[in-house]
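Structure at a glance
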Amino acid sequence: MSKKRVLSGVQPTGNLHLGNYLGAIRNWVEAQKEYDNYFCVVDLHAITVPHDPKKLAADTYTIAALYLACGIDLEYSTIFVQSHIPAHSELTWLLNCITPLNWLERMIQFKEKAVKQGENVSVGLLDYPVLMAADILLYDADLVPVGEDQKQHIELTRDIVIRVNDRFGKKKKPILKHPDPLIRKDGARVMSLTDGTKKMSKSDPSEMSRIELLDPPDAIARKIKRCKTDPHKGLEFDNPERPECHNLLGLYMLLSGKTKEAVAAECQDMGWGNFKPLLTEAAIAALKPIQEKYDEIMSDRDYLETILREGREKAELSANEVLARVKSALGYSTPL
Ligand code: TYM
């Protein structure tokens, strides 16, 4: 039996943080041998909010290098850049004309980001989930490993599949494949260091709210030292009145590789003064090998470019085939 197909991606907007790593990339790495994987740097998504053209290309290489540094293995996985494959934009247009506007207006992430943008909300920001649907559908993906915040976008993708197949497909020969989200409970929602009720996010104006994968040890120590805590005695998981405590213990659990039970027992009588150095040490130790590998990869630009070129060549075989299938079903003729 052939392996199930996985597709996922990260936007090249600044650096990756622990949320991106623990909610997504770490899970891609751990399961990659089981699947046929496609990991995309979604640079077309990065311009749905105002962006700096001088940084876009550099950030795109940074994310591709971080995929490799985190352990993506080219024996099992293909890495490519979204904008290198025109089929992503073309399928988005076709799906745009099939997707009702009010489906997009309901998207939680759109509403949250739109509030931040004020008058500057672009059509692209509204349309972003359709582009994401195109990313997934072009690879006939079975599974999409993501953090909790992307679940609604995958549900929308499934609704688009139903609509396209119902309107243009034949009963026994669907045009598009239904993808399923793959969301692991642990790490699916890493919270901000400055507010345990808010998601850790690249767009938070305060750098103190997130630990980035390329943060040097002294920055990690500073951020953890200053992170928000509470005045209660002892440390515990799952107390809704202590969101920071739950989040920080969860980070310690994931970064140290210990079980929840072991962490709960180790920390139940601790105060913050004892716990923070432990968490700092675990974070520095977990990120050190990633940072060393990253430096190595970034010192050889030709290597990275070769990987992205080969990734594009492989990915576009699937993308072009699915695009041709959709175009033909919609009635387009393709000249020979
Ligand atoms: P992006 O770039 O915002 O985030 C990349 C991945 O990181 C996860 N994530 C988190 N997980 C746990 N806790 C957090 N605080 C946290 N913050 C982010 C996200 O869920 C995501 O898995 N729209 C997507 C990118 C995308 C995509 C795709 C993903 C475009 N096309 C196709 C999958 C398939 C996004 O903006 O992710």
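Reading the values: the criteria
Once a new chain begins, its residue numbering starts again from 1 and follows that chain's sequence as written. Local features in this predicted model are restricted to residues of pLDDT 70 or higher, and side-chain atom pairs are both shown and tallied only at a pLDDT of 80 or more, whereas totals for entire chains, interfaces and linings draw on every residue. Hydrogens and water molecules were not included; the side-chain quantities draw on all heavy atoms of the structure. In plain words, nonpolar cores are sets of buried Ala, Val, Leu, Ile, Met, Phe, Trp, Tyr and Cys residues tied together by side-chain atoms within 4.5 Å. Note on exposure labels: buried denotes an accessible area under 20% of the residue type's maximum, exposed denotes more than 50%, and partly exposed covers the range between, all computed with a 1.4 Å probe on protein chains only. Residue contacts are counted whenever heavy atoms from the two residues lie within 4.5 Å of one another. Axis geometry follows a simple rule: fit a line to the C-alpha atoms, using only the stretch in contact for helices, then measure angles between N-to-C directions, giving values from 0 to 180 degrees. A run of H or I in DSSP counts as a helix once it spans at least four residues, and a run of E counts as a strand once it spans at least two, with each numbered from the N terminus. Whether a crossing is left-handed or right-handed is set by the direction in which the near helix is turned from the far one by less than a right angle, anticlockwise for left-handed and clockwise for right-handed. When residue character is reported, Ala, Val, Leu, Ile, Met, Phe, Trp, Tyr, Cys and Pro are called nonpolar, Asp, Glu, Lys and Arg charged, and the others, Gly included, polar. We call a residue near a molecule or strand as soon as one heavy atom of that residue lies within 4 Å of the molecule or strand. We call two N or O atoms a polar contact when they sit within 3.5 Å, provided that within protein one can donate a hydrogen and the other can accept it, with sequence-adjacent residues counted only if both atoms are side-chain atoms. Only the protein chains shown count as covering a residue, and every accessible area follows the Shrake-Rupley method with a 1.4 Å probe. Salt bridge, as used here: a side-chain nitrogen of Lys or Arg that lies within 4 Å of a carboxyl oxygen of Asp or Glu.

With that settled, consider the nonpolar core. With 59 residues, the main nonpolar core has Leu-18, Tyr-67, Leu-251 and Phe-275 as its most contacted residues. Non-local contacts of Phe-275, meaning those with residues more than four positions away in its chain, are made with Leu-235, Leu-248, Leu-249, Tyr-252, Cys-267 and Met-270. With 41 residues, the next largest nonpolar core counts Ile-154, Leu-156, Val-161 and Val-326 among its residues.

Before going further, it helps to examine the packing of helix H8 (residues 217-226) against helix H11 (residues 272-298). The interhelical angle for the contact between H8 and H11, taken along N-to-C directions, is 150°, at an axis separation of 9 Å. The handedness of the crossing between H8 and H11 is right-handed. Contacts between H8 and H11 pair Pro-217, Ile-220, Ala-221, Ile-224, Lys-225 and Arg-226 from the former with Lys-276, Leu-279, Thr-280, Ala-283, Ile-284 and Leu-287 from the latter. Its residues assigned to classes, the contact of H8 with H11 comprises eight nonpolar, one polar and three charged.

Here we take up the site of the ligand. As a matter of local geometry, the ligand sits amid 28 residues, with Gln-11, Tyr-128, Asp-135, Asp-149 and Val-190 nearest to it. At a separation of 2.8 Å, a nitrogen atom of the ligand approaches a polar backbone atom of Val-190. Burial of the ligand by the protein amounts to 96% of the accessible area it has alone, namely 710 Å². Counting only elements with at least two residues in the shell around the ligand, the list comes to strand S1 (5-10), helix H1 (18-31) and helix H6 (123-137). When its residues are assigned to classes, the shell around the ligand shows 12 nonpolar, 11 polar and five charged.

For the coordinates displayed, the defined rule picks out 19 salt bridges. In this structure, the salt-bridge partner of Lys-198 is Asp-204, at a minimum N-O distance of 3.6 Å. Among the charged side chains, a network of salt bridges with common partners joins Asp-140, Glu-321 and Arg-325.

So far we have only geometry, and geometry alone does not tell us how the molecule works.
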